[in-house]
Amino acid sequence: MDRFNMLQDYSFYFQFTLTGYGQRLEPNVPSWQETVSTFRNLSDMIGKDRVIWRYDPIILSRQLTIEYHADRFEEIARHLSGKTGRCVISFVDMYKKPKRNMASVPIIEIQMEQMIKTASILSRISSKYGIELTSCAETTDLEQYGINHGKCIDDKLIEKISGFTLAVKKDSTQRSECNCVKSVDIGAYNTCVHECLYCYANYNYNRVHSNYASHDPQSPLLFGKIRPEDKIHERKAESCRKAQTPLF
C-alpha cells in the first residue's frame, strides 16, 4: 500500500476477498479483523467504488452453517459499510484441484434450497448496510432476492473510473454464466502463498513456494527470468476506448 504512486498513471480497482474462514481453509491469510482494517484503509486511499468486497466462495459444512454465514457476513458488512459499494458472492464449485485440497474438510454439497436461503439472508444484510450484492458466474437466477448477475471484469465500472466509454464484448472464452468482458490475465498458477484450500489456481504447494522464491523484481516475468531459449511473442493489443473524448 506504500507503492500506490506506481499506479498513478492507471485506472484500476481491486477485487478484495474477505471471508473470515480462518486458518483451516485459509492457512496464511491474516485474521479477518486485520484484513478489514486493510480494506478500510485501502478504501480511504482510493475511494469505495474502487474496492469490491468478495465474500466467496460460500462453503457449507457442519461448522460453516447458514447461520454461521449470516453472522460472519453481517459482522464484516458492518465494518465495511461506507467503505465499499458492492459485494460479490458465489457458491463453491468443486473443481478437481480444490476438491483434492479440501479432502480433509467435510463440506456439504449445497442444494438449491440452501443456496436460496443463504442468498436471501445475505441480501437483506447487505441492503441494511448500503452494499449492493451481486453474484459471480452463478447458474441460479437470484434477482428476485435483490442479487443481480455481476461481472468481475466490469466495463461499466471501468468506464466510471476511467471516464471513457468502452467498446468491448463479453469474454467468449469464459463459461456462459460469466458476464465478464474480454481481458488479458497476467497472473499465473501456483504463485499465491495464502494457500486457500478452495483455490483452483494452486495445485502444487511445493511449486508455489519455488515459484514465489524465484520472483525477481527486475524481471519482466511474474516469477523467474527470461532464458536464452525462450521465445517472446508480441501480443496484438488495441485500445477498447470507444472515443478519445472523456465522458466527464
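Residues numbered from 1 in each chain as written. Predicted model: local features only at pLDDT ≥ 70, side-chain atom pairs only at ≥ 80, totals over all residues. Heavy atoms only, no water.

Q: Summarise the packing of helix H1 (residues 32-46) against helix H2 (residues 66-80); cite the residues concerned and give the values.
A: It is the contact of H1 with H2, at a shortest axis distance of 10 Å, that shows an interaxial angle of 30°. Taken together, the axes of H1 and H2 are roughly parallel relative to one another. By crossing handedness, the relation of H1 to H2 is classed as right-handed. Residue-level contacts link Trp32, Val36, Phe39 and Arg40 of H1 to Arg72, Glu75, Ile76, His79 and Leu80 of H2. Taken together, the residues that form the contact of H1 with H2 break down as five nonpolar, one polar and three charged. (Axes fitted to C-alpha atoms, helices over the stretch in contact; angles between N-to-C directions. Helix = DSSP H or I, 4+ residues; strand = E, 2+ residues; numbered from the N terminus. Parallel < 35°, antiparallel > 145°, perpendicular 65-115°, else oblique. Left-handed = near helix turned anticlockwise from the far one by under 90°. Contact = heavy atoms within 4.5 Å. Nonpolar A, V, L, I, M, F, W, Y, C, P; charged D, E, K, R; others polar.)

Q: I'd love a proper account of the layout of surface pockets, names of residues and values included.
A: Considered as a void within the structure, the second largest pocket measures approximately 230 Å³ in volume. In terms of lining residues, the second largest pocket is bounded by 14 residues, among which Phe91, Val92, Asp93, Ile110 and Met115 are the most central. (1 Å grid on protein atoms, 1.4 Å probe; cavity = no way out; pocket = protein on both sides within 12 Å on 5 of 7 lines; lining within 4 Å. Points joined across faces, edges and corners; volume = space filled by probe spheres on them.)

Q: Quick rundown of the nonpolar core? Include the residues and the values.
A: Ranked by internal contacts, the top residues of the largest apolar core, which has 45 residues, are Leu18, Trp53 and Tyr55. Elements supplying a minimum of two residues to this core: H1, strand S2 (51-58), H2, strand S4 (86-91) and helix H4 (112-128). No other element matches H2, which puts seven residues into this core. Those residues in contact with Trp53 that lie beyond four places of it in its chain are Phe16, Leu18, Phe39, Phe73, Ile76, Ala77, Leu80, Thr84, Arg86, Cys87, Val88 and Ile131. Counting residues in hydrophobic clusters, the runner-up holds ten residues, among them Tyr13, Cys136, Cys152 and Cys180. (Core = buried A, V, L, I, M, F, W, Y, C linked by side-chain atoms within 4.5 Å. Buried < 20%, exposed > 50% of the residue type's maximum accessible area, 1.4 Å probe, protein only.)

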